Amino acid sequence: MKIWRWVASVLLTLTIAFFIIAAFIYTPDNQENPKSPPPQTETEGIEKEDKLNDNDEESDVNESGNEADVNEDEETLSGELREVFTSVIESARGLFVRQDLDVVAIGDSLTQGVGDSTDNEGYVGILEDTINSNQPLETFDIANYGVRGNRTDQLLERMETEEISQSLSEADVVLITIGANDVMKVVKNNFASLNYEQFQEAQKGYKEHLNEIFQRVERLNPDVHIYLIGLYNPFEYYFNNIPELGQIMSDWNRVSKEVISNYEQAEFIPIKDIFLGAEEELLWKEDYFHPNEKGYKRIAERVLEYIRPDIEQ
């Protein structure tokens, strides 16, 4: 009986680990939602109903009537698209940043903007657009050094390059997203025997590397303000019945806060609450791990809330 329990436990672990890795690192060009399709929107319903009516009553509908229906649908759709894909943060109207402000963003796929269907570099691009929309001339630019898949040790290596070092030394504000891939490394390295203790052990290396990241930034630029954007739970959409996964991300955030407490110029920006219960609305439909443009907008709003005192005139 014990053998069968052990076999069942191993099989369950293998299955969970397989789906986590596949969803996080594999992004097919045309992947369907792993859950049931989202509810039909009002616009989609109108379009489908119009098509059926056109087929049944084609001889009775004149050309001008068709054009009116199409125009009405297009106006409705355009309004929805404007609401979803407008990058500028409306609540930041009237924001004016101080002259010669330099902001640098370093980190992983959240800094790169993976999942942003507008190819606008995610939350970084939204911050740029928001600030430029309030400036006399659109000249503000955030130096973006985000690379998909980066762990803390890999970010440390890239920070040694002349380009990033120079950029950090001149920055007024540094934004960092890092840590999610450190979690994923544990999953991939322990595919056949995943357990909670392995994540706890890996936190030691994460804490050490994160300290080195902050120390390196401070050595290059002692007066810079550093903001570490926290982690949300990218596993929630697939495995909301496994509380340990949520606890792991909370542990990682706790370790991040412990590191930040040692640096006077550093601050933690929480984003976990933004995505909790809103995965279908705010996550990229290709993998349901990375944020979509709407999710990045929520992150940008939160980031701006924290950094605003440091960037305003």
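The structure under discussion appears in the preceding block.
Below is a short write-up of the structure. (Residues numbered from 1 in each chain as written. Predicted model: local features only at pLDDT ≥ 70, side-chain atom pairs only at ≥ 80, totals over all residues. Heavy atoms only, no water.)

Once that is clear, we can look at the packing of helix α5 (residues 122-132) against helix α13 (residues 293-311). Interaxial distance between α5 and α13 falls to 8 Å at its minimum, and their mutual angle equals 55°. Overall, the two elements α5 and α13 adopt an arrangement that is oblique. Here α5 runs over α13; the crossing is right-handed. Residues Gly-122, Tyr-123, Ile-126, Leu-127, Thr-130 and Ile-131 of α5 touch α13, and the partners they reach there are Glu-293, Tyr-296, Lys-297, Ile-299, Ala-300, Val-303, Leu-304 and Ile-311. (Axes fitted to C-alpha atoms, helices over the stretch in contact; angles between N-to-C directions. Helix = DSSP H or I, 4+ residues; strand = E, 2+ residues; numbered from the N terminus. Parallel < 35°, antiparallel > 145°, perpendicular 65-115°, else oblique. Left-handed = near helix turned anticlockwise from the far one by under 90°. Contact = heavy atoms within 4.5 Å.)

The next subject is the nonpolar core. Grouped burial of nonpolar side chains is what soluble globular proteins tend to show. If you look at the biggest cluster of nonpolar residues, it comprises 41 residues, and the most contacted ones within it are Ile-106, Ile-176 and Phe-214. When residues in this core are grouped by element, the largest group, seven residues, is from helix α10 (residues 243-260). Setting aside anything within four residues of it in sequence, one finds Phe-214 in contact with Ile-226, Leu-228, Val-259, Ile-260, Tyr-263 and Ala-266. Ranked by size, the runner-up nonpolar core spans 36 residues in total, among them Tyr-227, Tyr-232, Leu-282 and Ile-307. (Core = buried A, V, L, I, M, F, W, Y, C linked by side-chain atoms within 4.5 Å. Buried < 20%, exposed > 50% of the residue type's maximum accessible area, 1.4 Å probe, protein only.)

Under the definition given, this model contains twelve salt bridges. The closest approach of N and O atoms between Arg-254 and Glu-258, which form a salt bridge, is 3.0 Å. Highlighted residues: Arg-254 and Glu-258, both in helix α10, separated by four residues, approximately one helical turn. A salt bridge links Asp-273 to Arg-302; the shortest N-O distance between them is 3.0 Å. Note that Asp-273 is positioned in helix α11 (residues 272-275) and Arg-302 in helix α13, a separation of 29 residues in sequence. Residue classification places Asp-273 among the partly exposed positions, given a relative accessible area of 45%. According to the relative accessible area criterion, Arg-302 is buried, its value standing at 17%. Three or more residues are tied together by salt bridges with common partners; here these are Lys-207, Arg-254 and Glu-258. (Salt bridge = Lys/Arg side-chain N within 4 Å of Asp/Glu carboxyl O.)

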